[in-house]
Amino acid sequence: MSTPEAILWRDNRLHLLDQRILPGEVTYLPYRDAAGVAAAIKDMVVRGAPAIGISAAYGMALAALAASEGPGEAGWQATLAPARHLLAESRPTAVNLFWALARCDDTIARHNTSTALPRHLIELAQRLHREDLDINRRIGDHGATLLDHPQQVYTHCNAGALATGGYGTALGVIRSAFRDGNITGVFAGETRPWLQGARLTSWELMQDNIPVTLAIEGAAAQLMRQHKPGWVIVGADRIAANGDVANKIGTYNLAIIARHHGVKFMVAAPISTFDGEIDGDAIPIEQRPATEISHQGDRPIAPEGVNCSNPAFDVTPAELVDAIVTEHGVIRSPTRDKVLAHLAAARQETDQ
Ligand code: MRU
């Protein structure tokens, strides 16, 4: 059995696998407008940077389909501006969202007065969706070259098929390395408060028969000392020009613990996750509702009225990262110069 797809496009409707209730229930929710897609992203029906970007592109396509009056006098840019705004407001950290919206902007600008724009936006979203799977297989294979003997690894959150167009980024590396015989086991950190590690990563890996051991985040240092995994392998929501990496809260802790124990630290992400315009300290960090940590579902687990801090992401400084892996190859010990050179080479390769 393989992991169900996170995103489906059927009969001009978007269907999102409701990741909030996995692995207990496999249910797809249908969406017919951009407002619904924006709410689905905010409410974690769909999550993971690449999946958020792909969903936003479908959201723009739905907005164009729903505009039965067509582009109007002002053109599609004006007609679709409210939908674009809603989607852009949904989650702030994953730059893939803004990357996908920028790709939609290009398509809209090219067909601003054409009644064929809805079709062009659907085709764009489908292309981004399809390409992401291919990109992840390439990331996986590049990353797997860094594991040259059988070893255990540690991962955090879910950067798998469920977070992408398929195969995954961090889990893509793990899938490729397992295929090559170089993974003996995976520790999956549970990832409070949404438990992506417990609910999603361990489920995905078990479906592929990749041996996985679930652990609470607080066990990471002990596990690294005791089991000496070769690598921590994580995804990213935004990689800055200086090589700093925003990813699920707790990633920074893991990078510090890994360095202390001589465990190498790998970040696997597509080029669409890079933001060459800013450094790590300027990455916007999403603050999520207090009830996500003060409650379990509807049940309070902390005193009523307690102050809570619930940042969804943190930023790992580049000096703690041993390798960033993209579909274009590996950046070892990332620095600003290496990141910018990698982005320039990737652009050149894509343009050829
Ligand atoms: O809050 P989430 O579940 O969207 O956070 C997801 C992560 O932090 C992932 O590691 C990241 O988006 C990369 S997914 C390929």
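In this text, all values refer to a predicted model and were calculated from it rather than measured experimentally.

### Description of the site of the ligand
- Lining the immediate environment of the ligand, one finds 18 residues, of which Arg47, Arg91, Gln196, Asn247 and Lys248 sit closest.
- One of the side-chain N or O atoms of Asn247 is found 2.6 Å from an oxygen atom in the ligand.
- If the ligand stood free it would expose 420 Å²; the protein chains cover 99% of that surface.
- Of all the secondary structure elements, the ones that give two or more residues to the shell around the ligand are α2 (49-66) and β9 (245-248).

### Digging into the packing of helix α1 (residues 34-42) against α2
- Remark: α1 packs on α2, axes separated minimally by 8 Å, with the N-to-C direction vectors making an angle of 165 degrees. Judged on the interaxial angle alone, α2 and α1 are roughly antiparallel. Crossing handedness for the pair α1 and α2: left-handed. In contact with Ala34, Val37 and Ile41 of α1, α2 contributes Ile52, Ser55, Ala56, Gly59, Leu62 and Ala63.

### Things to note about the sheet that holds strand β3 (residues 28-31)
- With antiparallel pairing, the 3 strands of this open sheet are ordered in space as β1-β2-β3. Sheet topology places β1 (7-10) and β3 at the edges, where each strand pairs with a single neighbour. Direction aside, the axes of adjacent strands within the sheet are offset by 25 degrees on average.
- Pairing between strand β2 (residues 13-17) and β3: 4 bridges, direction antiparallel. In the sheet register, Leu17 faces β3, and the bridge partner there is Tyr28.

### Description of the sheet that holds strand β8 (residues 238-240)
- Strands sit in the order β11-β8-β9-β14 across an open sheet of 4 strands; the sheet is mixed. At either margin of the open sheet sits one strand with a lone partner, and together these are β11 (274-275) and β14 (313-316).
- Bridge count for β8 against β11 is 2 bridges, and the pairing is parallel. By the bridge assignment, Ala240 is partnered in β11 with Asp275.

### Quick word on the domain arrangement of the chain
- Examined at the domain level, the chain breaks down into domain 1 (7-135) and domain 2 (141-351).
- For domain 1 versus domain 2, the separation of C-alpha centres amounts to 25 Å.
- Residue-level contacts link 28 residues of domain 1 with 31 residues of domain 2.
- Together domain 1 and domain 2 conceal approximately 2300 Å² of surface at their shared face, both sides included; 57% is due to carbon and sulfur atoms.
- Of all residues in domain 1, Arg47, Thr93 and Val95 give up the largest surface area on contact with domain 2, accounting jointly for 25% of the area buried on that side.
- Counting every contact that joins domain 1 to domain 2 gives 1 salt bridge.
- Here Glu286 and Arg91 are joined by a salt bridge, their closest N and O atoms 2.9 Å apart.
- One can count 15 residue pairs in polar contact (both at pLDDT 80 or more) joining domain 1 with domain 2.
- Classifying every residue of the side of domain 1 that touches domain 2 by side-chain character gives 17 nonpolar, 5 polar and 6 charged.

### Points about helix α4 (residues 95-110)
- Its 16 residues place the ends of α4 23 Å apart at the C-alpha level, agreeing with the 22 Å of an ideal helix rising 1.5 Å per residue.
- Buried residues belonging to α4 abut α2, α3 (76-88), α5 (117-144), β8 and β11.

### Quick word on the confidence of the model for the chain
- On average, the chain scores 97 in pLDDT, and the residues at 70 or more come to 100%.
- Per-element confidence in the chain is highest for strand β10 (residues 264-268), whose mean pLDDT is 99, and lowest for strand β12 (residues 295-296), whose mean pLDDT is 95.

### Focus: the nonpolar core
- One finds Ile7, Leu14, Met60, Leu80, Leu87 and Leu121 to be the most contacted residues of the largest nonpolar core, which totals 43 residues.
- Secondary-structure elements contributing two or more residues to this core are β1, β2, α1, α2, α3, α4 and α5.
- Looking at this core element by element, the count peaks at 12 residues for α2.
- Counting 25 residues, the second-largest nonpolar core is a separate cluster that includes Val234, Ile239, Leu254 and Leu320.

### Looking at unusual backbone geometry
- Between Leu22 and Pro23 the backbone carries a cis peptide bond, its omega angle lying at 0 degrees.
- If you trace the backbone, Pro23 turns up in the loop between β2 and β3.
- In this model, Arg192 is joined to Pro193 through a cis peptide bond whose omega is 0 degrees.
- Considering the arrangement of structural elements, one finds Pro193 in the loop between β5 (183-189) and α7 (196-207).
- Unlike most non-glycine residues, Asp11 shows phi in positive territory, near 50 degrees.
- You can see Asp11 is positioned in the loop between β1 and β2.
- By relative accessible area, Asp11 is classed as exposed at 75%.

Reading the values: the criteria
Position labels on residues start from 1 in each chain and follow its written sequence. This being a predicted model, a pLDDT of at least 70 is required before a residue's local features are given, and a value of 80 or more before pairs of side-chain atoms are given or counted; all residues contribute to the totals for chains, interfaces and linings. Side-chain metrics rest on all non-hydrogen atoms present in the structure, leaving aside hydrogens and water. Any residue with a heavy atom lying within 4 Å of a molecule or strand is counted as near it. Pairs of N or O atoms within 3.5 Å make up the polar contacts considered here, provided that, within protein, one atom can donate a hydrogen while the other can accept it, and that residues adjacent in sequence are counted only when both atoms are side-chain atoms. Areas reported as accessible are Shrake-Rupley estimates using a 1.4 Å probe. Residue values count occlusion only from the protein chains shown. Elements are defined by DSSP. Helices are runs of H or I of four residues or more, strands are runs of E of two residues or more, and each kind is numbered from the N terminus. Axes here refer to lines fitted to C-alpha atoms; in helices the fit is confined to the stretch in contact. Angles between the N-to-C directions go from 0 to 180 degrees. In what follows, roughly perpendicular refers to angles from 65 to 115 degrees, roughly parallel to angles under 35, roughly antiparallel to angles over 145, and oblique to any angle outside these ranges. Handedness of a crossing is defined here by the sense of rotation of the near helix relative to the far one, left-handed for an anticlockwise turn of less than a right angle and right-handed for a clockwise turn. Contact definition: two residues touch when any of their heavy atoms are within 4.5 Å. Strand pairing follows a simple DSSP-based rule, namely that at least 2 bridges must link the two strands. All the domain ranges listed were derived from an automatic or database domain assignment. When two components associate, each loses some accessible surface as probed by a 1.4 Å sphere; the sum of these losses over both components is called the buried area. A side-chain nitrogen of Lys or Arg and a carboxyl oxygen of Asp or Glu constitute a salt bridge if their distance falls within 4 Å. Throughout, the ten residues Ala, Val, Leu, Ile, Met, Phe, Trp, Tyr, Cys and Pro are labelled nonpolar, Asp, Glu, Lys and Arg are labelled charged, and all others, Gly among them, are labelled polar. An expected span of 1.5 Å times one less than the residue number is assigned to each helix. pLDDT expresses how confident the predictor is about each individual residue, on a scale running from 0 to 100. Side-chain atoms within 4.5 Å are what join buried Ala, Val, Leu, Ile, Met, Phe, Trp, Tyr and Cys residues into a set we call a nonpolar core. When accessible area is computed with a 1.4 Å probe and restricted to protein chains, residues below 20% of their type maximum are described as buried, those above 50% as exposed, and intermediate ones as partly exposed.

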